[in-house]
Structures are given as C-alpha cells and as structure tokens.
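So the chains spell out like this:
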Amino acid sequence: MTAQPQDFTPSGPPMPEKNLRAIRAALVVPQDREAFDAGLKAVLDEVRVSLDLGALNGFVHRWWISACDSVRDPEGRRRMHIRAEQVIAGEPVPRGRPWREVLTARGVEL
C-alpha cells in the first residue's frame, strides 16, 4: 500500500504568496510595514555588495511568516507592537500565561 496525497485546504483566510509585493500588502500594522521597508532596503544593499541572493531569500521567508501571522491574527500583531512599545519604554506590562501552559492547552506534549 502506498500513501496518496490528499487535497489540503487550510481553514481561514488565504495566506499571502511568498513574494515581496504580496508580503508587504499583507502587513496590516504600520510598524510591520516600516520595518519591512527598512529591512528590504538594507538587504538589497547587502545583495548588491555580496551578489548573494541568500540574504534576500532569508528576508522573504522571515517576512512571509510575519505576513501569514498578520493575515491570521491582525489584532494580535497590533497587541504585540503595543506591548513591545511598553517594554521598550520601561512601562510595567502584565505577564501573560506561561508558554508551557499555552502549549499544554493546545494539546502539545512537552
């Protein structure tokens, strides 16, 4: 018996394509778009000097993950940036649930 591929249709909104234009369009939080634009300029400068597209490929992959997160949970991205700004400003922030507790609630065995 051999395994046969099955069609897999993920639930929820469609994920962005893995290209620069689609990734940037999926970023709903201004801080993400600003960081993407600054990072893209830096990585393109690096590629011009090194002539190695590996850095660009890594950039696209990392930002695609953030874009997928932005599509799945835009409000979560906004909350993340608010909390990051609070931490950077030295403001006290409430502690969330420990990772172990969250993963256990999701059925992940540690």
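Please read these numbers as outputs of a predicted model, since none were measured by experiment.

Our focus in this paragraph is helix 4 (residues 74-88). With 15 residues, helix 4 extends 21 Å from end C-alpha to end C-alpha; this agrees with the ideal 21 Å at 1.5 Å per step. Here helix 4 has its buried residues at Gly-76, Arg-77 and His-81. Projected down its long axis, helix 4 shows its buried positions confined to an angular sector of 140 degrees, all on one face. In this structure, the buried residues of helix 4 make contact with helix 2 (30-50) and helix 3 (54-72). Gly-90 lies just past helix 4 and shows a positive phi near 80 degrees.

Turning next to unusual backbone geometry. Of note, Leu-51 is a non-glycine position whose phi angle comes to about 55 degrees, a positive value. You can see Leu-51 is positioned in the loop between helix 2 and helix 3.

So, on to the environment of Arg-83. Relative to the elements of secondary structure, Arg-83 occurs in helix 4. Classification of Arg-83 by relative accessible area gives partly exposed; the value is 37%. Sequence separation between Arg-83 and Pro-94 is 11 residues; the distance between their C-alpha atoms is 9.3 Å. In this structure Arg-83 touches Val-93, Pro-94 and Gly-96, once residues within four positions along its chain are discounted.

What follows covers the nonpolar core. Ile-23, Phe-36, Leu-40, Val-43, Leu-56, Phe-59 and Trp-63 are the most contacted members of the largest nonpolar core, which has 13 residues in total. Listing elements by their share of this core, those giving two or more residues are helix 1 (20-26), helix 2 and helix 3. With 6 residues, the single largest contributor to this core is helix 3. In this view, Ile-23 contacts Glu-17, Lys-18, Phe-36, Val-60, Trp-63, Trp-64 and Ala-67; residues no more than four positions away in its chain are not counted.

A word on the layout of surface pockets. By volume, the largest pocket is sized at about 600 Å³. Looking at the largest pocket, it is lined by 15 residues, and the ones nearest its centre are Gly-76, Arg-79, Met-80, Arg-83 and Trp-99. When contributions to the lining of the largest pocket are tallied by element, the ones reaching two or more residues are helix 4 and helix 5 (99-105). Its residues placed into classes, the lining of the largest pocket shows 5 nonpolar, 3 polar and 7 charged.

Attention now moves to helix 3. Here helix 3 contains 19 residues, and its C-alpha end-to-end distance of 27 Å stays within 8% of the 27 Å for a straight helix at 1.5 Å per residue. All of the buried residues in helix 3 are Ala-55, Leu-56, Phe-59, Val-60, Trp-63, Ser-66, Ala-67, Cys-68 and Ser-70.

Between helix 2 and helix 3, the least distance of the axes is 9 Å, while the angle of their chain directions is 165 degrees. Taken together, helix 2 and helix 3 sit at an angle that is classed as roughly antiparallel. Between helix 2 and helix 3 lies a crossing of right-handed hand. For the pair helix 2 and helix 3, contact is made by Asp-32, Ala-35, Phe-36, Gly-39, Leu-40, Val-43, Leu-44, Glu-46 and Val-47 and by Ala-55, Leu-56, Phe-59 and Trp-63, respectively. For the contact of helix 2 with helix 3, the residue count by class is 10 nonpolar, 1 polar and 2 charged.

The rules behind the values
- Residues numbered from 1 in each chain as written.
- Predicted model: local features only at pLDDT ≥ 70, side-chain atom pairs only at ≥ 80, totals over all residues.
- Heavy atoms only, no water.
- Helix = DSSP H or I, 4+ residues; strand = E, 2+ residues; numbered from the N terminus.
- Expected span 1.5 Å × (residues − 1).
- Buried < 20%, exposed > 50% of the residue type's maximum accessible area, 1.4 Å probe, protein only.
- Arc of directions from axis to C-beta.
- Contact = heavy atoms within 4.5 Å.
- Core = buried A, V, L, I, M, F, W, Y, C linked by side-chain atoms within 4.5 Å.
- 1 Å grid on protein atoms, 1.4 Å probe; cavity = no way out; pocket = protein on both sides within 12 Å on 5 of 7 lines; lining within 4 Å.
- Points joined across faces, edges and corners; volume = space filled by probe spheres on them.
- Nonpolar A, V, L, I, M, F, W, Y, C, P; charged D, E, K, R; others polar.
- Axes fitted to C-alpha atoms, helices over the stretch in contact; angles between N-to-C directions.
- Parallel < 35°, antiparallel > 145°, perpendicular 65-115°, else oblique.
- Left-handed = near helix turned anticlockwise from the far one by under 90°.

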